[in-house]
Amino acid sequence: MELPKFKYHEDPIASGNIIEADTACACCGKVGGYVYIGPVYAEAELDETLCPWCIADGSAHDRFGASFTDEDGIGDYGNWEAVPDGVVREVAHRTPGFSGWQQERWWTHCGDAGAFVGRVGHKELLAYGPEAISPIQASTGLMDDAWQRQFVALDKNGSPSAYLFRCLKCGAFGGYQDCD
């Protein structure tokens, strides 16, 4: 069974937010071979119980009122570009979220939400190049030696870490650094 495509999450398997599992979905009851393991905001306890198909088609939101990203965090609580309400709803209600150290923020650019690339550390940022490194550095407010110490400490699976996005319109990278 082919996984659904998510406009605002490039590859939720690569980012680790959807994993292979023989779990029956709490929404549709089917065992599709995959389960979402990111944050779920709902009254019901839905951790690691929803299939990607019920997220993509909005069934999980419709049935449980589930959101996968805090709506106010889309655009960093007003610090990044505002986006149309329909974009906010698609990211919050029909897109796999991701877990951060602090409250997650979803980068916006060119009047749209960015596509979540994944959690990245020093090694991954070097592979993406200066276009990806620059916005992460800007998010820290650090320069020169202080930035270099922070940059080499970035760890995809640890703290500090960074969250990388790509603009769907112009291709620019954006995101932020975070730690525990």
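Structure first, text after, so check above.
Our subject in this report is the structure included herewith. Everything numeric here is computed off the predicted structure, so don't read it as measured data.

Considerations on the overall build of the chain
Part 1 of the reasoning: Within the chain, the secondary structure is distributed over 6 helices and 7 strands.
Part 2 of the reasoning: Secondary structure elements of the chain occur, N-terminal to C-terminal, as β-β-α-α-α-β-β-β-α-α-α-β-β.
Part 3 of the reasoning: For the chain, whose C-alpha radius of gyration is 16 Å, the value lies close to the compact-globule estimate of 16 Å for 180 residues.
Part 4 of the reasoning: With respect to the three principal axes, the spread of C-alpha positions in the chain is 55 × 35 × 30 Å.
Part 5 of the reasoning: For the chain, with 180 residues in total, the buried portion stands at 48%.
Part 6 of the reasoning: By sequence separation, contacts in the chain at least 24 residues apart represent 63% of the contacts at least 6 residues apart.
Part 7 of the reasoning: Total accessible area on the chain stands at roughly 8,700 Å², and carbon and sulfur atoms take up 47% of it.
Part 8 of the reasoning: Across the chain, the 13 positively charged side chains and the 27 negatively charged ones have centroids separated by 5 Å.

A word on the packing of aromatic side chains
Part 1 of the reasoning: Per the counting criterion, the structure on display carries 13 aromatic pairs.
Part 2 of the reasoning: Ring centres 5.0 Å apart and planes at 35° place the aromatic pair Tyr-163 and Tyr-176 in the tilted group. One end of the pair, Tyr-163, is in strand β6 (residues 161-166); the other, Tyr-176, is in strand β7 (residues 173-178), with 13 residues separating them in the sequence. Like Tyr-176, Tyr-163 is buried.
Part 3 of the reasoning: By way of ring pairs, the aromatic residues Trp-80, Phe-98, Trp-106, Phe-116, Tyr-163, Phe-165 and Tyr-176 are connected into one cluster.

Overview of the pairing of strand β5 (residues 115-120)
Every other side chain in a regular strand lies on the same face of the sheet, so the side chains alternate between the two faces.
Part 1 of the reasoning: Most of β5 sits out of view: 5 of its 6 residues are buried.
Part 2 of the reasoning: Sheet analysis places β5 next to β6, joined by 5 bridges and oriented antiparallel. By the bridge assignment, Ala-115 is partnered in β6 with Arg-166.

Digging into the environment of Asp-180
Part 1 of the reasoning: Within the fold, Asp-180 resides in the segment after β7.
Part 2 of the reasoning: With 21 residues separating them along the chain, Asp-180 and Ser-159 place their C-alpha atoms 6.1 Å apart.

Digging into the side chain of Glu-104
Part 1 of the reasoning: As for its position among the elements, Glu-104 is in the loop between α3 (85-94) and β3 (108-109).
Part 2 of the reasoning: No salt bridge is formed by the buried Glu-104. Its closest oppositely charged neighbour is Arg-119, at 8.3 Å.
Part 3 of the reasoning: Looking at Glu-104, its side chain comes within polar contact range of the main-chain nitrogen of Gly-100, at 2.7 Å.

A closer look at unusual backbone geometry
Part 1 of the reasoning: The linkage connecting Ser-159 with the following residue, Pro-160, adopts the cis geometry, with an omega of 0°.
Part 2 of the reasoning: Position of Pro-160 among the secondary structure elements: in the loop between α6 (144-153) and β6.
Part 3 of the reasoning: Phi at Glu-48 is positive, roughly 55°, even though this residue is not glycine.
Part 4 of the reasoning: Turning to its location among the elements, Glu-48 is positioned in the loop between β2 (34-36) and α1 (52-56).
Part 5 of the reasoning: The exposure class assigned to Glu-48 is partly exposed, which follows from its relative accessible area of 46%.
Part 6 of the reasoning: Even without being glycine, Tyr-77 reaches a positive phi, approximately 55°.
Part 7 of the reasoning: Position of Tyr-77 relative to the elements: it lies in the loop between α2 (59-64) and α3.
Part 8 of the reasoning: A residue is classified by how much of its surface remains accessible, and Tyr-77, at 40% relative accessible area, is partly exposed.

Rules and cut-offs
- One numbering rule holds for all chains: residues counted from 1, following each sequence as written.
- At least 70 in pLDDT is required for a residue's local features to be given in this predicted model, at least 80 for side-chain atom pairs to be given and counted, and no such filter applies to totals for whole chains, interfaces and linings, which use all residues.
- Note that water and hydrogens are dropped before the side-chain values are worked out from all heavy atoms of the structure.
- Labels follow the DSSP assignment, with helices taken as runs of H or I lasting at least four residues and strands as runs of E lasting at least two, numbered in each case from the N terminus.
- When we talk radius of gyration, it's over C-alpha atoms, and the globule rule is simply 2.2 Å times the number of residues to the 0.38.
- Type-normalised accessible area, obtained with a 1.4 Å probe on protein chains alone, sets the label of each residue: buried when under 20%, exposed when over 50%, and partly exposed for intermediate values.
- A contact between two residues is defined here by any heavy atoms of the two lying within 4.5 Å.
- Computed with a 1.4 Å probe, the accessible areas rest on the Shrake-Rupley method; for each residue, only the protein chains presented here act as cover.
- Only four residue types enter the tally: Lys and Arg on the positive side, Asp and Glu on the negative side; His and the chain ends are excluded.
- Think of each charge as sitting on NZ of Lys, CZ of Arg, CG of Asp or CD of Glu.
- The aromatic pairing rule takes the rings of Phe, Tyr and Trp, using the six-membered ring of Trp, and pairs them if the centres are within 6.5 Å, calling planes under 30 degrees apart stacked, those over 60 edge-to-face and the rest tilted.
- Strand pairing is assigned whenever DSSP detects at least two bridges linking the two strands.
- Take a side-chain nitrogen of Lys or Arg and a carboxyl oxygen of Asp or Glu: if they are within 4 Å of each other, that pair is a salt bridge.
- Identification of polar contacts relies on pairs of N or O atoms within 3.5 Å, with a donor-acceptor requirement for protein atoms, meaning one able to donate a hydrogen and the other able to accept it, and with residues adjacent in sequence counted only if both atoms are side-chain atoms.

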